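Here's the letter readout for the chains.
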Amino acid sequence: MRAARKYDFRKVTMDDLPLLMKWQVQPHVSDWCGSDEAYDQEDLSDPRVSRWVVSIDGRAFAFMQDYTVHEWEDHHFAQLPKGARGIDQYIGDPKMIAIGHGTAFIKARMKSLFANGAPVIATDPHPDNKRAIAVYEKLGFKPSGRPQETPWGLISPMIAEP
């Protein structure tokens, strides 16, 4: 049996922004996440959001963020219990896609969020992003309402409980 791989989650810093921008313009990322403008120091200091560079064996390959869903007015997950966290992520390095890393590092972060008291974790992939939805379903996420338009685009709300 193969041993579980350890993923490292390091807080994003200003020094990481060129790498994130390089990843964001990759077609497999920009098709779903857009190629947003780079974060600035104010974004990185926002206490509502934890932003991470994900690595394995010293190789940075993905971005992930988790956030407090109740800190935005009229957020589409505002009905969730206090302490709920939302997640978003992408694998930036195209060589790391479709070999199990997405499911594994998301699972590792979910385990940490639940261990730290999150009663539920929410995510909101685009309804046409079948690959992401399949990964979330593997991880125990279930649909939580119909697709809807939000300030962040069209989403399919999904939640997972411990």
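Refer to the structure printed above.
The structure displayed is predicted, hence computed values, not measured ones.

## Observations regarding helix α1 (residues 17-24)
Step number 1: Here α1 has its buried residues at Leu17, Leu20, Trp23 and Gln24. Projected down its long axis, α1 shows its buried positions confined to an angular sector of 120°, all on one face. In α1, those exposed residues whose orientation departs by more than 90 degrees from the buried face are Pro18 and Lys22.

## A few points about the pairing of strand β4 (residues 85-91)
Step number 1: The buried count for β4 comes to 6 of 7 residues, which makes it a mostly enclosed element.
Step number 2: Where strand β3 (residues 59-68) and β4 come together, 7 bridges link them in antiparallel fashion. In the sheet register, Gln65 faces β4, and the bridge partner there is Asp88.

## Observations regarding the sheet that holds β3
Step number 1: A sheet is described by the order of its strands in space; here 7 strands give the open sequence β1-β2-β3-β4-β5-β9-β6, paired in mixed fashion. Whereas interior strands pair on both sides, the edge strands pair on one side only; in this sheet they are β1 (7-11) and β6 (142-143).
Step number 2: Here 2 bridges tie β4 to strand β5 (residues 121-123), and the two strands are oriented parallel to one another. The residue bridging Arg85 from the neighbouring strand is Ile121, located in β5.
Step number 3: In this fold helix α5 (residues 130-138) packs onto β4, β5 and β9 (158-160), with an angle of close to 25° to the strand it touches most, β9.

## So, the environment of Lys142
Step number 1: Here Lys142 lies in strand β6.
Step number 2: The class of Lys142 is exposed, set by a relative accessible area of 54%.
Step number 3: In sequence terms Lys142 and Ala160 are 18 residues apart; their C-alpha atoms lie 6.4 Å from each other.
Step number 4: Ignoring any residue separated from it by four or fewer positions in sequence, one finds Lys142 in contact with Pro157, Met158 and Ile159.

## Brief notes about α5
Note on helix geometry: an α-helix contains 3.6 residues per turn, so any two residues three or four positions apart are oriented the same way.
Step number 1: Restricting attention to buried positions, one finds in α5 the residues Ala132, Ile133, Val135 and Tyr136. Down the axis of α5, the buried side of the element spans an arc of 160°, and every buried residue falls inside it. Turned more than 90 degrees away from the buried face of α5, the exposed residues are Lys130, Arg131 and Lys138.
Step number 2: Along its buried surface, α5 packs onto β4, α4 (101-115), β5 and β9.
Step number 3: Positive phi appears at Gly140, one or two residues downstream of α5, with a value of about 95°.

## As for the nonpolar core
Generally speaking, soluble globular proteins have nonpolar side chains that are buried together.
Step number 1: Of all hydrophobic cores here, the largest spans 25 residues; its most connected members are Phe61, Ile87, Phe105, Ile106, Met110 and Phe141.
Step number 2: Counting only elements with at least two residues in this core, the list comes to β2 (49-56), β3, β4, α4, α5 and β9.
Step number 3: Among the elements that line this core, the one with the most residues is α4, at 5 residues.
Step number 4: Ignoring anything within four residues of it in the chain, the contact list for Ile87 reads Met64, Gln65, Asp66, Tyr67, Ile106, Leu113, Ile121, Ala122, Thr123, Tyr136 and Phe141.
Step number 5: By size, the runner-up hydrophobic cluster in this structure holds 10 residues, among which are Val12, Leu20, Val29 and Phe63.

## Some points on the pairing of β2
Step number 1: Burial analysis of β2 places 8 of its 8 residues in the buried class, which makes it a mostly covered element.
Step number 2: Summarising the sheet, β1 and β2 pair through 5 bridges and their orientation is antiparallel. Following the sheet pairing, Tyr7 is matched in β2 by Ile56.
Step number 3: As defined by bridge partners, β2 adjoins β3 across 8 bridges and the pair is classed as antiparallel. Paired with Ser55 across the bridge in β3 is Ala60.
Step number 4: Connecting β2 to the next strand, β3, in antiparallel fashion are 2 residues, including Asp57 with a positive phi near 50°.

Calculation rules
Residues numbered from 1 in each chain as written. Predicted model: local features only at pLDDT ≥ 70, side-chain atom pairs only at ≥ 80, totals over all residues. Heavy atoms only, no water. Buried < 20%, exposed > 50% of the residue type's maximum accessible area, 1.4 Å probe, protein only. Helix = DSSP H or I, 4+ residues; strand = E, 2+ residues; numbered from the N terminus. Arc of directions from axis to C-beta. Pairing = 2+ DSSP bridges. Contact = heavy atoms within 4.5 Å. Axes fitted to C-alpha atoms, helices over the stretch in contact; angles between N-to-C directions. Core = buried A, V, L, I, M, F, W, Y, C linked by side-chain atoms within 4.5 Å.

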